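# Close look at the chain arrangement
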Amino acid sequence: QVQLVESGGGLVQPGGSLRLSCAASRIIFSIYTMAWYRQAPGKQRELVATISTASSTNYADSVKGRFTISRDNAMNTVYLQMNSLKPEDTAVYYCNAVRWAGPTASAYWGQGTQVTVSS
């Protein structure tokens with residue numbers, strides 16, 4: 001059974017930094033596009049950042065210039081470096097792995113890790 005396990009969340013003051021990690025097991029990690037999503041209370045889950053199998057990256061406008069997504073295929077891990085954190089970044093952050101085979105997508109989710117930005 002595929003597992004995605006996030007870690008690194010916590011409480012941080014505005015302007016601070018956190019680094020989230022997501023360790024994958026039981027998948028061929030290198031062939032999956034990886035992404036981070038987040039969901040704040042009362043809001044829909046939103047895409048934060050993606051990294052392709054070729055390590056091309058994309059970011060939501062709200063985090064551009066502050067967050068960096070990266071991957072280590074040897075470690076089966078994707079990271080999200082979050083700098084200059086704001087209270088509005090408070091959310092549960094989820095790791096996602098997706099692969100398309102023609103019209104069919106295989107997608108997996110982690111259990112989420114809480115990030116709270118507050119003074």
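What counts, and where the lines are drawn
Residues numbered from 1 in each chain as written. Predicted model: local features only at pLDDT ≥ 70, side-chain atom pairs only at ≥ 80, totals over all residues. Heavy atoms only, no water. Disulfide = S-S within 2.5 Å. Helix = DSSP H or I, 4+ residues; strand = E, 2+ residues; numbered from the N terminus. Pairing = 2+ DSSP bridges. Axes fitted to C-alpha atoms, helices over the stretch in contact; angles between N-to-C directions. Salt bridge = Lys/Arg side-chain N within 4 Å of Asp/Glu carboxyl O. Buried < 20%, exposed > 50% of the residue type's maximum accessible area, 1.4 Å probe, protein only. Core = buried A, V, L, I, M, F, W, Y, C linked by side-chain atoms within 4.5 Å. Contact = heavy atoms within 4.5 Å. Phe/Tyr/Trp six-rings, centres within 6.5 Å; stacked < 30°, edge-to-face > 60°. Lys NZ or Arg CZ within 6 Å of the ring centre and 35° of its normal.

## A short note on the state of the cysteines
For the coordinates displayed, the defined rule picks out 1 disulfide. What pairs with Cys22 in a disulfide is Cys95, and their sulfur atoms sit 2.1 Å apart. Every disulfide takes its handedness from the sign of the S-S torsion; for Cys22 and Cys95 that torsion is -80 degrees, giving left-handed. With Cys22 in strand S3 (residues 18-25) and Cys95 in strand S9 (residues 91-101), this pair connects stretches of sequence that are 73 residues apart.

## A word on the sheet that holds strand S1 (residues 3-7)
Taking strand neighbours across the sheet as the criterion, the 4 strands line up as S1-S3-S8-S7 in an open arrangement whose pairing is antiparallel. The open sheet is flanked by S1 and strand S7 (67-72), the only strands paired with a single partner. Across this sheet, the average inter-strand angle for adjacent strands is 15 degrees, counted without regard to direction. The sheet contact formed by S3 and strand S8 (residues 77-82) spans 6 bridges and is antiparallel. When the bridges of S8 are listed, Leu20 appears paired with Leu80.

## What to know about the pattern of salt bridges
Within the structure shown, the criterion is met by 4 salt bridges. With a shortest N-O distance of 3.2 Å, Asp61 and Lys64 are connected by a salt bridge. Take Asp61 and Lys64: they sit in the same class, and that class is exposed. In this structure, Asp89 and Arg66 form a salt bridge, with 2.7 Å as the shortest nitrogen-oxygen distance. With Asp89 in the loop between S8 and S9 and Arg66 in the loop between strand S6 (57-59) and S7, this residue pair connects regions lying 23 residues apart in the sequence.

## Some words on the nonpolar core
In terms of nonpolar packing, the biggest core is built from 29 residues, with Met34, Trp36, Val78, Leu80, Met82 and Tyr93 touching the most fellow members. Every element with two or more residues in this core is listed here: S3, strand S4 (33-39), strand S5 (46-51), S7, S8, S9 and strand S11 (113-117). Non-local contacts of Leu80, meaning those with residues more than four positions away in its chain, are made with Leu18, Arg19, Leu20, Trp36, Val48, Ala49, Phe67, Thr68, Ile69 and Tyr93.

## What about the packing of aromatic side chains?
For the structure shown, the criterion picks out 2 aromatic pairs. Summarising the aromatic geometry, the rings of Tyr32 and Tyr108 are spaced 6.1 Å apart at their centres and angled 55 degrees between planes, so their arrangement reads as tilted. Separated by 76 residues along the polypeptide, Tyr32 in the loop between S3 and S4 and Tyr108 in strand S10 (residues 104-109) bring together distant segments of the chain. Assessed through its relative accessible area of 7%, Tyr32 is described here as buried. Of note, Arg19 hangs over the ring of Tyr79, and the distance from its end group to the ring centre comes to 4.0 Å.

## Observations regarding the environment of Leu47
Note that Leu47 resides in strand S5. Residue class for Leu47 comes out partly exposed when judged on its relative accessible area of 39%. With near-sequence residues (within four places) excluded, Leu47 lies in contact with Ala35, Trp36, Tyr37 and Ala60.

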